[in-house]
Amino acid sequence: MSVLIFIDHSEGHVKKASLELLSYGAALAARLGVAAEGILLGTVNSDLGALGRYGVKKIHQAAQEVLNHLDSQVYARIIADAATATGATVVVFSNNVNGKAIAPRVAARLKAGLVSGAVALPDTANGFVVRKNVFSGKAFANVSINTPIKVIALNPNSYPVKEGEGSAEIAPLNVTAAPRVKVVSTTQASGQVPLTEAEIVVSGGRGLKGPENWGMIEDLAKALGAATACSRPVADAHWRPHNEHVGQTGIAIAPNLYIAIGISGAIQHLAGVNRSKVIVVVNKDPEAPFFKAADYGIVGDAFEVVPKMTEAVKKLKGIA
Amino acid sequence: MKILVCISKTPDTTAKISFTQNNTKFNGDGVQWIINPYDEWYALVRAIELKEKDPTTVVHLATVGLADTEPIIRKALAIGGDEAIRVNADSADSYYIASQLAEVARQGGYDLILTGKETIDYNGSSIGGILAELLDLPYISLAVKFELNGTTATVTREIEGGEETDEVSLPALVSCQKGVAEQRIPNMKGIMGARTRPLKVLEPVATDTLTSVVSFELPPAKAGVKLVPADNPAELIRLLHEEAKVF
């Protein structure tokens, strides 16, 4: 019996969302009184055994190079087979881009009930009930999984990373893989914090008047170690790349701190950011709807306020 | 080329979210229902564009829902599509819905199945993946671009901080999001034509539901915004550091 934890990686690095998931899976296994085991397909540059610090005793690894590219069909078969072989009663994924492709397939293969977008450990006092986000962050649903095997996809940034001591044993998995999806090319902004993994996000809207004014957003983000984002009109006007667009039609994020500058806060924008733990709004319009969803705010001109915020952060952090 | 587009009925984006029956059911009173935006704007419109490029292409729409789903199916047909199929069942959990759609897909023999990336009500992002597994099809999710050359699809999908371009031979299943197509407003010709296009009603196949909603909850109300004077941004930074402790 085990909780099987899918460890996602990219460019040779284990994703931060996977460290959250390892911590989540280990806590769940402890609660159920079973082993926490990981599964990783492909190869990473770091010592996998060190992931034992997050509470797994064993990691199953299928180290074929071909598995460094996702084919959800191949992945689902390997993970479901491993779940069966190890007697897993729960299989957990991060509800990130790869998890969204793989978790439903694994659930279907195992005929296991799936809750995706989970935000907490399940309530096991009376059955197996998982809390998840619904209605684009406007509500929660408590969903009961009624099958012997359960699949959970955990929203990124909803469970803290818990690091302790220990190392994991690596168990090689011998599998055959014949992907039907061929990866032609990948473009990835290097050296930047991916938006979905960022703890702090600084975001700009139409109030900034033009792409030439983004320097102050980037300066504030840099001082805070934050990722940058933008609203839909900004992406549509090509002031910023589409992969920075947060909101209902863009990327949904849940950072610890979201700073919205010159964004009015339309309901479609809120749907993508309302799971942020703390929201700060800077807008010169006191009637901007975003203030109703904010925790802190400044009614003022962004061009005056933002550079002063950056200065204050630098002073606080002792950056010259 | 035969394409199936899976569509779902959701409350309008701006609908007030509340619950009834001791917080176990969504309160649909006064709610305007729409086609799930990702299904309509991206999956359906892209299928229609492919049909416009190659008029021999046949586009079918499928949904799982009771008779009250028909207005949104007609609206979808007004945007485009040759025929719609409604499986006459209340949409239960994702496995149940995907199993019904799998039966429709098996009967229709489609080369390509398109869905939206998720519904804006349950945010499950799971129907596409379950359906692909039930049909043993390759699945590319969160597509931002979709091109077709003969029977090979070139699909660009979102990855963390970037994009990946994949190639796959049909048949295949793709979930769509912004970038795949642009929203269209149905014209009068489409609306008139939609009235006469076939809308088949199928009875559901027997299958299991694997999950059930125990209750819904609204998040606790925000305490209200704490405003800091515009001439003192340093105070805001101090509060974020010392009070909110977010950095």
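What counts and what doesn't
Residues numbered from 1 in each chain as written. Chains lettered and ligands numbered in written order. Predicted model: local features only at pLDDT ≥ 70, side-chain atom pairs only at ≥ 80, totals over all residues. Helix = DSSP H or I, 4+ residues; strand = E, 2+ residues; numbered from the N terminus. Rg over C-alpha atoms; globule rule 2.2 N^0.38 Å. Buried ≥ 20, exposed ≤ 12 C-beta atoms within 10 Å, placed from the backbone. Contact = placed C-beta atoms within 7 Å. Pairing = 2+ DSSP bridges. Axes fitted to C-alpha atoms, helices over the stretch in contact; angles between N-to-C directions. Core = buried A, V, L, I, M, F, W, Y, C linked by C-beta atoms within 7 Å. Nonpolar A, V, L, I, M, F, W, Y, C, P; charged D, E, K, R; others polar. Arc of directions from axis to C-beta. pLDDT = per-residue confidence, 0-100. Parallel < 35°, antiparallel > 145°, perpendicular 65-115°, else oblique. Left-handed = near helix turned anticlockwise from the far one by under 90°.

Digging into the overall build of chain A
- On a plain count of helices and strands, chain A comes out with eight helices and 17 strands.
- Computed over its C-alpha atoms, the radius of gyration of chain A comes to 21 Å, within 12% of the 20 Å expected for a compact globule of 320 residues.
- Principal axes of the C-alpha set define a box for chain A whose edges measure 60 × 40 × 40 Å.
- The buried share of chain A, reckoned over its 320 residues, is 59%.
- Long-range contacts, defined as pairs at least 24 residues apart, comprise 65% of the intrachain contacts of chain A with a sequence gap of at least 6.

Let's talk about the sheet that holds strand β8 (residues 112-116) of chain B
- Read from one edge to the other, the open sheet built from ten strands follows the order β12(A)-β11(B)-β10(B)-β9(B)-β12(B)-β8(B)-β1(B)-β6(B)-β7(B)-β13(B), with strand pairing classed as mixed. Edge positions in the sheet fall to β12 (181-188) of chain A together with β13 (199-202) of chain B, since each of these pairs with one other strand and no more. Strand-to-strand twist of the sheet, defined as the mean angle between neighbouring strand axes without regard to direction, takes the value 30°.
- Strand direction decides the pairing type here: β12 of chain A and strand β11 (residues 162-169) of chain B, joined by seven bridges, are antiparallel. The residue bridging Val183 of chain A from the neighbouring strand is Asp166 of chain B, located in β11 of chain B.
- Relative to strand β9 (residues 139-149) of chain B, helix α4 (residues 127-135) of chain B is tilted by about 70°, and along the sheet it contacts β1 (2-6), β8, β9 and β12 (172-176) of chain B.

Focus: the nonpolar core
- Within the largest apolar cluster, 133 residues are counted, with the highest numbers of intra-cluster contacts made by Ile5, Ile79, Val92 and Val106 of chain A together with Val5, Ala76 and Leu101 of chain B.
- Setting aside its immediate chain neighbours within four residues, Ile79 of chain A contacts Phe6, Ile39, Val91, Ile102 and Val106 of chain A.

Description of the sheet that holds strand β15 (residues 257-261) of chain A
- On the basis of which strands lie adjacent, the open sheet formed by six strands has the order β14(A)-β13(A)-β15(A)-β16(A)-β17(A)-β15(B) and parallel pairing. Of all the strands in the sheet, just β14 (227-230) of chain A together with β15 (226-227) of chain B have a single pairing partner and so form its edges.
- In the sheet, strand β13 (residues 200-204) of chain A pairs with β14 of chain A via four bridges, with the strands oriented parallel. Each residue of the ladder has a partner; that of Val201 of chain A, found in β14 of chain A, is Ala227 of chain A.
- Helix α4 (residues 215-224) of chain A rests against β13, β14 and β15 of chain A of the sheet, and its axis sits at about 175° to β13 of chain A.
- Sitting on the sheet, helix α6 (residues 233-242) of chain B touches β15, β16 (278-283) and β17 (296-299) of chain A, and the angle it makes with β17 of chain A is about 175°.

Focus: the interface of chain B and chain A
- Contacts between chain B and chain A engage 62 residues on the former and 78 residues on the latter.
- Partitioning the side of chain B that touches chain A into residue classes produces 32 nonpolar, 18 polar and twelve charged.

Overview of α4 of chain A
Residue and element names in this part refer to chain A.
- Within α4, the full set of buried residues consists of Ile217, Leu220, Ala221, Ala223 and Leu224. Take α4 and look down its axis: the buried residues cluster within an arc of 165°, on one side only.
- Buried residues along α4 sit against β13, β14, β15 and α8 (302-317).
- Immediately beyond the C-terminal end of α4, within one or two residues, lies Gly225, with a positive phi of roughly 70°.

Points about the environment of Pro204 of chain B
Residue and element names in this part refer to chain B.
- Note on placement: Pro204 falls in the loop between β13 and β14 (211-217).
- In the structure, Pro204 is positioned 27 residues away from Asp231 in sequence and 64 Å away in space, judged by C-alpha atoms.
- Ignoring anything within four residues of it in the chain, the contact list for Pro204 reads Val87, Asn88, Ala89 and Gln100.

Digging into the confidence of the model for chain B
- Summary statistics for chain B give a mean pLDDT of 96 and a share of 100% for residues scoring 70 or more.
- Interface scoring of the predicted complex returns ipTM 0.96; its pTM is 0.95.

Things to note about the packing of helix α2 (residues 72-85) of chain A against helix α3 (residues 97-110) of chain A
Residue and element names in this part refer to chain A.
- At a closest axis distance of 9 Å, the pairing of α2 and α3 adopts a crossing angle of 50°. Classified by the angle their axes make, α2 and α3 are oblique. Helix-helix and strand crossings are classified by hand; for α2 and α3 the assignment is right-handed. From α2, Ser72, Gln73, Tyr75, Ala76, Ile79, Ala80 and Ala83 reach across to α3, where they touch Ala101, Ile102, Arg105, Val106, Arg109 and Leu110.
- Each residue belonging to the contact of α2 with α3 can be placed in one class, and the counts come to nine nonpolar, two polar and two charged.

Focus on α4 of chain B
All names here are of chain B.
- Extensive coverage of α4 is indicated by the burial of seven of its nine residues.
- Here α4 has its buried residues at Ile127, Gly128, Gly129, Ile130, Leu131, Ala132 and Glu133.
- Asp136 sits one or two residues past α4 and shows a positive phi near 55°.

Comments concerning the packing of α4 of chain A against α8 of chain A
Residue and element names in this part refer to chain A.
- The interhelical angle for the contact between α4 and α8, taken along N-to-C directions, is 20°, at an axis separation of 9 Å. Classified by the angle between their axes, α4 and α8 sit roughly parallel to one another. The handedness of the crossing between α4 and α8 comes out as left-handed. Residues Met216, Asp219, Leu220, Ala223 and Leu224 of α4 form the contact with α8, whose own contacting residues are Val306, Pro307, Met309, Thr310, Val313 and Lys314.
- Looking at side-chain class alone, the contact of α4 with α8 contains eight nonpolar, one polar and two charged residues.

A few points about unusual backbone geometry
Residue and element names in this part refer to chain B.
- Cis geometry is adopted by the peptide bond preceding Pro171, which originates at Leu170 and carries an omega value of 0°.
- Backbone geometry at Asn22 places phi at a positive 60°, although glycine is not the residue there.
- Examined against the element boundaries, Asn22 turns out to sit in the loop between β3 (19-20) and β4 (25-26).
- If you check the backbone angles, Leu142 has positive phi at about 60° while not being a glycine.
- Residue class for Leu142 comes out buried when judged on the 27 C-beta atoms lying within 10 Å of it.

Observations regarding the pairing of β15 of chain A
Residue and element names in this part refer to chain A.
- Here β15 lies mainly inside the structure; five of its five residues are buried.
- On β15, burial covers both faces: Leu257, Ile259 and Ile261 on one face and Tyr258 and Ala260 on the other are all buried.
- Relative to β15, β13 runs parallel, the two sharing five bridges. Bridge assignment links Gly204 to a residue of β15, and that residue is Ile261.

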